[in-house]
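# Examining the three-dimensional arrangement
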Amino acid sequence: MLLSSLIDLSRLQFALTAMFHWIFVPLTLGLGFIIAFMETAYYRSGNEFWKRTAKFWMKIFAINFAIGVATGIILEFEFGTNWSNYSWFVGDIFGAPLAIEGILAFFMESTFFAVMFFGWNKVSKGFHLASTWLVAIGANLSALWILVANAWMQYPTGMEFNPDTARNEMVDFWAVIFSPVAINKFIHTVTNAYTLSAIVVIGISAWYLLKKREEEFARKSMKIAAVFGLISSLVLAWTGDGSAYQVAQKQPMKLAAIEGLYQGKNGTPLVAFGVLNPSKDIADMKADSAKYYSEEPYLFHVSVPQGLSLLANREFDSFVPGIEDIIKGGYTYTNFKGEKRTALPLEERIIRGKLAKEGLAMYHKAKTAGDEEGMEIAKKQLTDNFEHFGYGYIKSPEEIVPNVPLTFYAFRIMVGLGIFFIFFFILTMYLEKKNLIAQKKWFHYLAIISIPLVYICSQAGWIVAEVGRQPWTIQDLLPVQAAVSGVSASSVLTTTIIFFVLFTILLAAELKIMFKQIKKGPDAN
Amino acid sequence: MLYFYQHYWWAVVSLLGAILVFLLFVQGGQTLLFGTVKNDKERTLLINALGHKWELTFTTLVTFGGAIFASFPLYYSTSFGGAYWLWFSILILFVIQAVSYEYRGKAGNLLGARTYEFFLFLNGMFGTILLGVAVGTFFTGGSFVMNKLQITDISNPTISYWTNGWHGLDAIAHPFNLLLGIGVYLAARTLGLLYVIMQIDSEEFAERAKLQVKVTGSAFVLGFVGILIALFTLTGFSVNPENGIVSPVKYKYFFNMTELVWPAITLLVGVVLVLWGLISVFLNKVRYSFYITGAGVVLAVWSLLICAAFNNTAFFVSHVDPQYSLTLYNSSSSLFTLKTMTYVTILIPFVLAYIVFAWRSLTKVKVNEQDLNKPDAHKY
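None of these values were measured; they are calculated from a predicted model. (Residues numbered from 1 in each chain as written. Chains lettered and ligands numbered in written order. Predicted model: local features only at pLDDT ≥ 70, side-chain atom pairs only at ≥ 80, totals over all residues.)

## Digging into the overall build of chain A
Short version of the rule: The way it works is that DSSP assigns letters per residue, a run of H or I at least four long becomes a helix, a run of E at least two long becomes a strand, and they are numbered from the N terminus. Atoms counted for the radius of gyration: C-alpha only. Globule rule: 2.2 Å times residue count to the power 0.38. Residues are scored as being in contact if the C-beta atoms we place from backbone atoms lie within 7 Å.
If you tally the helices and strands in chain A, you get 18 helices and 10 strands. In summary, chain A has a C-alpha radius of gyration of 25 Å against a globular reference of 24 Å for 525 residues, a match within 12%. Principal-axis analysis of the C-alpha atoms places the extent of chain A at approximately 75 × 55 × 45 Å. At a minimum sequence separation of 6, the contacts of chain A that also span at least 24 residues come to 78%.

## Quick notes on the overall build of chain B
The condition that has to hold: Around each residue's C-beta, the other C-beta atoms within 10 Å are counted; 20 or more make the residue buried, 12 or fewer make it exposed, and counts in between make it partly exposed. All C-beta atoms are placed from the backbone.
Scanning chain B from terminus to terminus reveals 16 helices and 4 strands. For 380 residues, the compact-globule estimate of 2.2 N^0.38 gives 21 Å, and chain B sits close to it at 21 Å. Its C-alpha atoms give chain B principal-axis dimensions of roughly 65 × 45 × 40 Å. Out of the 380 residues in chain B, the part that is buried amounts to 56%.

## A word on the pairing of strand E5 (residues 298–304) of chain A
All names here are of chain A. This is how it is decided: Between any two strands, pairing holds if DSSP finds at least two bridges.
Where burial is concerned, little of E5 is hidden: 0 out of the 7 residues are buried. Bridging between strand E4 (residues 270–276) and E5 involves 6 bridges; their strand directions are antiparallel. Note on E5: the bridge partner recorded for Leu276 is Tyr298.

## Quick look at the packing of helix H3 (residues 84–118) of chain A against helix H15 (residues 348–363) of chain B
The axes of two packed helices give the description: the angle between them and the distance between them. Under the convention used in this document: The axes are straight lines fitted to the C-alpha atoms, using for helices just the contacting stretch, and the angles between their N-to-C directions are given from 0 to 180°. By the definition adopted for this analysis, an angle is roughly parallel if under 35 degrees, roughly antiparallel if over 145, roughly perpendicular if from 65 to 115, and oblique otherwise. For a crossing to be left-handed, the near helix must be turned anticlockwise from the far one by less than a right angle; the clockwise case is right-handed.
Their axes nearest at 10 Å, the elements H3(A) and H15(B) cross at an angle of 15°. Looking at the two axes, H3(A) sits roughly parallel to H15(B). As for the relative orientation of H3(A) and H15(B), their crossing is left-handed in sense. Of H15(B), the residues touching H3(A) (which contributes A:Ile103, A:Phe107, A:Thr111, A:Phe112, A:Ala114, A:Val115 and A:Phe118) are B:Ile348, B:Val351, B:Tyr354, B:Ile355, B:Ala358, B:Ser361 and B:Leu362.

## Digging into unusual backbone geometry
Residue and element names in this part refer to chain A. Backbone torsion omega between Gln470 and Pro471 reads 10°, so that peptide bond is classified as cis. Relative to the helices and strands, Pro471 is located in the loop between helix H16 (441–467) and strand E9 (472–474). At Lys212, a position not held by glycine, the phi torsion is positive, near 55°. Position of Lys212 among the secondary structure elements: in the loop between helix H6 (180–210) and helix H7 (215–250). Take Lys212: there are 8 C-beta atoms within 10 Å of it, and that puts it in the exposed class. One non-glycine residue, Asn435, adopts positive backbone phi at about 65°. Under the C-beta neighbour-count criterion, Asn435 is labelled exposed, with 9 such atoms within 10 Å.

## So, helix H8 (residues 252–259) of chain A
All names here are of chain A. Across the 8 residues that make up H8, a large majority, 8, are buried. Taken residue by residue, H8 has Pro252, Met253, Lys254, Leu255, Ala256, Ala257, Ile258 and Glu259 as its buried positions. In this fold, the buried residues of H8 make contact with H7, E4, helix H11 (307–313), helix H12 (323–328), helix H15 (404–433) and H16.

## Topic: helix H13 (residues 346–369) of chain A
All names here are of chain A. What counts, and what does not: To estimate how far a helix should reach, multiply one less than its number of residues by 1.5 Å.
Between the first and last C-alpha of H13 there are 35 Å, a value that for 24 residues agrees with the 34 Å anticipated at 1.5 Å per step. Looking at H13, one finds that the buried residues are Arg349, Ile350, Gly353, Ala356, Lys357, Gly359, Leu360, Met362 and Tyr363. Among the residues trailing H13, Gly370 stands out with phi positive, at a value near 70°.

## So, the packing of helix H1 (residues 2–23) of chain B against helix H4 (residues 54–71) of chain B
Residue and element names in this part refer to chain B. The test is simple: Throughout this entry, Asp, Glu, Lys and Arg are counted as charged residues, while Ala, Val, Leu, Ile, Met, Phe, Trp, Tyr, Cys and Pro are counted as nonpolar. The remaining residues, Gly among them, count as polar.
Contact pair H1 / H4: the axes reach a minimum separation of 9 Å and the direction vectors enclose 160°. Considering their axes alone, H1 and H4 lie roughly antiparallel with respect to each other. Remark: the crossing between H1 and H4 carries left-handed chirality. From H1, Trp9, Val12, Val13, Leu16, Gly17, Ile19, Leu20 and Leu23 reach across to H4, where they touch Leu56, Thr57, Thr60, Leu61, Thr63, Phe64, Ala67, Ile68 and Ser71. A breakdown of the residues in the contact of H1 with H4 according to their chemical character gives 12 nonpolar, 5 polar and no charged.

## Quick look at the environment of A:Val484
Relative to the helices and strands, A:Val484 resides in the loop between helix H17 (480–483) and helix H18 (489–520). Beyond its immediate chain neighbours, meaning those up to four positions away, A:Val484 contacts A:Leu6, A:Ile7, A:Ser10, A:Asn82, A:Trp83 and A:Asn85.

## Some details on the interface of chain B and chain A
Each partner contributes residues to the interface: chain B has 67 residues there, and chain A has 69 residues. Where the side of chain B that touches chain A is concerned, the elements lending two or more residues are H4, helix H5 (73–82), helix H6 (84–104), strand E2 (160–162), helix H14 (335–345) and H15 of chain B. Tallied by class, residues from the side of chain B that touches chain A come to 41 nonpolar, 19 polar and 7 charged.

## Topic: the environment of A:Met362
All names here are of chain A. Positionally, Met362 belongs in helix H13. Residues Met362 and Lys379, 17 residues apart in the sequence, show an inter-C-alpha distance of 8.4 Å. Among residues more than four places away in sequence, those in contact with Met362 are Gly374, Ala378 and Gln381.

## Topic: the nonpolar core
The following threshold applies: Note on terminology: a nonpolar core is a set of buried residues of type Ala, Val, Leu, Ile, Met, Phe, Trp, Tyr or Cys, with members joined through C-beta atoms within 7 Å.
A:Ile34, A:Trp57, A:Ala66, A:Trp152, B:Leu46 and B:Leu91 are the most contacted members of the largest nonpolar core, which totals 301 residues. Looking at which element gives the most residues to this core, the answer is H3(A), with 23 residues. A:Ala66 has contacts with B:Ala98, B:Val99, B:Tyr101 and B:Glu102, leaving out every residue within four places of it along the chain.

## Observations regarding the pairing of strand E4 (residues 246–250) of chain B
Residues and elements named next belong to chain B. Of the strand pairs in this sheet, strand E3 (residues 235–239) and E4 are connected by 5 bridges, and their pairing is antiparallel. Opposite Gly236, over in E4, you have Val249 as the bridge partner. Two successive antiparallel strands, E3 and E4, enclose a turn made up of 6 residues, where Gly244 displays a positive phi of approximately 75°.

## Side note on the confidence of the model for chain B
Heads up, the rule is: pLDDT gives the predictor's per-residue confidence on a scale running from 0 to 100.
Across chain B, pLDDT averages 95, with 100% of residues at or above 70. Under the prediction, the complex receives an ipTM of 0.93, its pTM being 0.94.

## A word on the environment of A:Ala36
Residues and elements named next belong to chain A. Its place among the elements puts Ala36 in helix H1 (residues 2–45). Exposure remark for Ala36: the 21 C-beta atoms within 10 Å place this residue in the buried category. Each C-alpha atom, one on Ala36 and one on Ala366, is 61 Å from the other, the two residues being 330 residues apart in sequence. In this view, Ala36 contacts Thr132, Trp133 and Ala136; residues no more than four positions away in its chain are not counted.

Okay, here's the thing in structure tokens:
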């Protein structure tokens, strides 16, 4: 009980920090480039209008940047303070991208950040412009490395388990960096950030139009943001599809949770929207199977026939496993190496996970005794069962099922809003081209409302990705209960409360400063 | 081969740590906000002079943490997960710094400028002391248990934990750690004062800083001598690289200096540079005092950190059982990872070059009121 509250609190704290971090970071990722476009226009034309415009958005950038940095360091510390077992188990792989991020990306970002803000009178125009571009590139490079690390947790590759050190070790750096999940995740995440930034720029500009202020500034800002946003959101949709396909291949339980799919079939439909039946609970499968099987998964739903099969396997009539199928096993699937395999039931995976751990313990016993033959036998037992290592910690089926309602609804919010933003950017471009954008009040309101919506969309995406992969800190290898630190639950509760209070105050201060800056407008010094 | 890379990475991490102590001049400068500055004009000048640089210090801290995580993950895991409250305190003290520069001077900042200045002061004063305390545990160890094979115990897989309820706060009570913490604080404040003398265009403020540096700098030198005496008389722990057995050795760190020699020379050069930098203030030749003293601090700190782990020394000793202690051999990443990361360090000179270039571009003109009030200026 104590352990479970420690795990829940540690997860809560990490989720709280990550979500808070992600309020500020996406804006800086995209706004960096929007500012760079504007300063490039200034550099080329010498028109002071562009300098003034770039400088206004820089102020918004700086306010977000500071708090993004502050929350970023908390995440780095939390890997060690709250997830110390994880830090050792995967530090050999996870640490490297993090260190490279520091050496290559953070220094670029922070060094040129100083030039970008303090260098207007001190460096040449060209050097200043280069600094602005390097801040944007540095910020995006940071994102690359941390997303490589995150992708590796979802799809561990390029490593081997070393029984001597009792941890995973990297054997192929390029496999880690160029993992298809990493590439897709990076593009999906940064284009999401660009979309968010574009919406924020359009929303703030719309406020000026509503107030009949700064028309030229607002319209030109909107124009750049709409083009940037439309391209980004189209790439976002494309990588979103790629992401769903990868999840189907590598994290089938996540996909099942996203769909609220308990029993799979050939030609599985895709739920476009629907309401889950709260009475359907996987824990009942064993405890009260009559109730479990009598409950429908949805109270209401509208589905696209065979849509999920197409999304998951690129084939209309293919089989997509549901939560129950994954627990029971027995279905055939093609793994990422293209091999046909039969899914093992959870019970067997648990046994094999325990065998792997036993093998590791035996290996060390034999090593201490100098028994080389014993070491070989134990190593074989470990290696043969290693892909199920994490299942050895699992005690009941419901432990491997993520929170279905949270992932199901978050996914639909994310996709629904994502589609809306594509049309929104097209609308913005159309109204601007037709010279109607300054007069259409309804559009101004729509643009302002889109700001909170895009943040909700972005957070929902992370909920799908992270809640959906529970209980795994490393897919199939390390569940949360084996990753957590040996600290007391009360300590984690206390620090969570401190963080919550601090974050709330900082967010309130940040918003108030932002609103004041926006109210003052681009001419304020 | 692995032996080489383990030592190479400890040297890199130590160098990052040493550069971090130099860059803590930002924190040292922040401690001048209460007591040393006399009016709002000086306060604004000070914050804007430091505001060009705080990001660099912060980034170095983050990279120092990332580099330890990558090269010695068992230390990251054992120390951060064990000395929980110590690291948490350091974290909070740096988080409140990160927002304070940007928010302090802005309308609508909710808490008022003074609160953010107080945050900066807290970060400058206690952030430096606690970082010093944390570094002190490289020499004094902690109350932890560490057993990698615990991962095979399904009901209790946590491989390391702290054995007392203080979770790292007990490190503050160790006299050596505290002395080191105060030493880091004094170094940071001395460098902060030297930075003010070099970078702020206010004769009155600079004269006051010169007077203070004579007191703080002398205290730093005395404190540093105290640290060296305490360190060289400490009992350290040696590891047998053949079988991993850890055993106590009297005056271990002193012997590390005499046996390795080059850290002793580095230390000596560092001390000479620090003294040269400080004496130049007494002689009123202050143009390069900041850089000379800073270089001395980097060399001195680097040599001490090298001594913590080189020459078969356990760098994080367990008070529970010395056999749980961490050494370069049992806590490092694999050969492959260390090697891969070593390729990345080839780029460090390039990174340093653009940092130096940007630093010079922003530091060539002293911070003055006229510049801050220009329409193009970004004022904190």
